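Close look at the chain arrangement
Here is how the chains run, residue by residue.
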Amino acid sequence: MKKITFEKHAQSGKARLGTIHTPRGDIRTPAFMPVGTAATVKAMMPESVRATGADVLLGNTYHLMLRPTAERIEALGGLHKFMNWDRPILTDSGGFQVMSLAELRKLNEKGVTFKSHIDGRKIVLTPESSMETQRQLGSDIVMCFDECPALPASRERIIESMELSMRWAARSKEAFGNRPGHALFGIQQGGLEIDLRERSAKALRDIEFDGYAIGGLAVGEGQEKMFQVLDHAPDMMPEEKPRYLMGVGKPDDIVGAVLRGVDMMDCVLPSRSGRTAQGWTRRGQVNLRNARHADDPRPLDEECSCPCCTQYSRAYLHHVIKAQEIIGNMLLTWHNLHYYQDLMQGLRDSIATGTLDDFVGLFHENRAKGDIQAI
C-alpha cells in the first residue's frame, strides 16, 4: 500500500496550496475537516457532507473508545465502513477530551487514568493504548497522544506538560510502528511561549513524523494571542510536511491561519452552529431565531449554491427553527459546512492564481458590511 505524502503546488506569502495523497483519496489543502465526533457529522448524511466539498473527516478516539468501543468498530469492519465514509479519516488521540470531559482525571508518566463521563468506568489511556485504539478504528491519519493544559497556565506548568507530551510523542511513534497507507502526526505544544514552541518542534522533528500539528491553541487565549503564536509556529515545521492547526475555528481564524502557513484545520463550529440557529455567511453570522427573518423571502446567502440557500427562504428557516423541527438543524448545518468548504476553495483558487490578497480583502470587506435586513 502506498505511503501518505504531501505535495505543494503553489505558495503566496506563507499560504500554501497542496495535496495530501492517501490510498483513500486526495485531500486538497488548505483543508477544513468537518468533525464527526461519534462516527457522524451531526444532522448530516455522509454523502451530504461529501457534497459540500469535504475531502476528509475527523473522528474522536475518546468518544469512540467509550461508545460503541474500538473493538466493536473493528469487528464490524472499521470506522470507514461503520459510518459509511470511504474517504480519508483523521482521528485525534483523545488527549484533549480527557482534559476537558473526563472525571477524576489523574496524570502520570504512564498516561492518564480517568472515569468515563458516560458510565463511570475507570479507564487508563496511554500513548500505546491510543495508538492501538486508532489502529482498531482504521483511521488514515493518526494523532500522537499528548497532554494539553488549559490556558492561562504558568510557564512551569506549560514546560512540564510540553516535555511530557514530547516523551509521549516518542512512545506514540514507537507504538505506531510501520503501517503503510497510514500516517502519524506529531503535536507541538508550548502554550503561548515561542521558545517552548521551538523546543517542542525540534523534539518532534528529531522523532520524525508524517505531518505536524499545532496543539494547545483555541483553548481560551483569544484570536490575537493565537495569531501571535501562528506568526512563528508553522515555520518551525518541516517545509515538506503538512501542518495542522487543531480545533480552529471561525472563518476569520481560518483565513488568518492559512495566511500564516497552516494547511489543515478542524472545528465543531459549523455543525454546532447549525443546531443553535446560527448561519455563517459571507457577511458574517446570522441568527435565524431573530424575528426580523419571519417575513423575509430571501435566501440565507444569495451567493451560496447549497440546497438550504437555493430551495428555502429565511422565513422558512425561521419558522422551522421556532417550531423546533429537525429540518432546521439539517438545513443550517448543510449550509454552514458548504460555506466553510466554499471558503477553503476560494483560498485554494486564489493561492493558485496569485490573487490571495484580493480574496482576503474582499472576505474582510464583506464581513465588515454585516447582514443586511432590507430587501
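Starting from 1, residues in each chain are numbered consecutively following that chain's sequence as written. With the structure being a predicted model, the display of local features is reserved for residues of pLDDT at least 70 and the display and counting of side-chain atom pairs for 80 or more, all residues being used for whole-chain, interface and lining totals. The basis for the side-chain values is all heavy atoms of the structure; hydrogens and waters are excluded.

Below, the discussion takes up the overall build of the protein. Labels follow the DSSP assignment, with helices taken as runs of H or I lasting at least four residues and strands as runs of E lasting at least two, numbered in each case from the N terminus. Along its length, the protein carries 15 helices and 16 strands. Restricting the calculation to C-alpha atoms gives the radius of gyration, and the globule rule supplies 2.2 Å times the number of residues raised to the power 0.38. Since a compact globule built from 375 residues should have a radius of gyration of about 21 Å, the 21 Å found for the protein is in line with a globular shape. Along the first, second and third principal axes, the C-alpha set of the protein runs to 60 × 45 × 45 Å. Note on contacts: a residue pair is in contact if any heavy atoms of the two residues lie within 4.5 Å. Sequence-distant contacts, at least 24 apart, represent 66% of the contacts inside the protein between residues at least 6 apart. All accessible areas in this document rest on Shrake-Rupley with a 1.4 Å probe, and a residue is counted as covered only by the protein chains that are shown. For the protein, the accessible surface area stands at approximately 15600 Å², while carbon and sulfur atoms represent 50% of it. His residues and chain termini do not enter the charge count, which takes Lys and Arg as positive and Asp and Glu as negative. To locate a charge, take atom NZ for lysine, CZ for arginine, CG for aspartate or CD for glutamate. Taking the 47 positively charged and 48 negatively charged side chains of the protein as two groups, their mean positions are separated by 4 Å.

Bringing the nonpolar core into the picture now. If you look at the biggest cluster of nonpolar residues, it comprises 67 residues, and the most contacted ones within it are L230, Y244, L245, I254 and M265. For this core, the element with the highest residue contribution is helix α14 (residues 326–353), accounting for six residues. Non-local contacts of I254, meaning those with residues more than four positions away in its chain, are made with F32, V248, G249, M265, Y340, L343, M344 and L347. What we call a nonpolar core is a set of buried Ala, Val, Leu, Ile, Met, Phe, Trp, Tyr and Cys residues that are connected through their side-chain atoms within 4.5 Å. Think of it in three bands: with a 1.4 Å probe and only protein chains considered, a residue is buried below 20% of the maximum accessible area for its type, exposed above 50%, and partly exposed in between. L57, L64, L79 and W85 belong to the second-largest nonpolar core, a separate cluster that totals 15 residues.

Right, let's get into helix α7 (residues 155–176). For α7, spanning 22 residues, the distance from its first C-alpha to its last is 31 Å, which sits close to the expected 32 Å at 1.5 Å a residue. Along α7, the residues that are buried comprise I158, S161, M162, L164, S165, M166, W168, A169, S172 and F176. A helix's residues, less one, multiplied by 1.5 Å, set its expected span.

Before going further, it helps to spend a moment on the packing of α14 against helix α15 (residues 356–369). At their nearest, the axes of α14 and α15 sit 8 Å apart, and the two run at 150 degrees to each other. On the basis of the axis angle, α14 is roughly antiparallel to α15. Contact residues: α14 offers Y339, L343, G346, L347, S350 and I351, while α15 offers L356, F359 and F363. As a rule, the C-alpha atoms of each element are fitted with a line to give its axis, helices using only the stretch in contact, and angles between N-to-C directions run from 0 to 180 degrees. Angles are sorted into four bins: roughly parallel if under 35 degrees, roughly antiparallel if over 145, roughly perpendicular if 65 to 115, and oblique for all others.

Turning to helix α6 (residues 127–137), its buried residues number three or more, namely P127, S130, M131, T133, Q134, Q136 and L137. Immediately beyond the C-terminal end of α6, within one or two residues, lies G138, with a positive phi of roughly 85 degrees.

The subject of this paragraph is the packing of α7 against helix α8 (residues 194–207). The packing of two helices is summarised by the inter-axis angle and the distance between the axes. Contact geometry for α7 and α8: axes closest at 10 Å, N-to-C directions at 10 degrees. Put simply, α7 runs roughly parallel to α8. Residues R155, I158, I159, M162, E163, M166, A169, A170 and K173 of α7 pack against D195, L196, R199, S200, A203, L204 and I207 of α8.

Here we take up unusual backbone geometry. The step from R67 to P68 runs through a cis peptide bond, and the omega angle for that step is 10 degrees. Position of P68 relative to the elements: it lies in the loop between α2 (61–66) and α3 (70–75). Across the junction of V248 and G249, the peptide omega takes the value 0 degrees, indicating a cis bond. With a phi close to 60 degrees, N84 is a non-glycine residue in the positive phi region. Considering the arrangement of structural elements, one finds N84 in the loop between α4 (79–83) and β6 (89–92).

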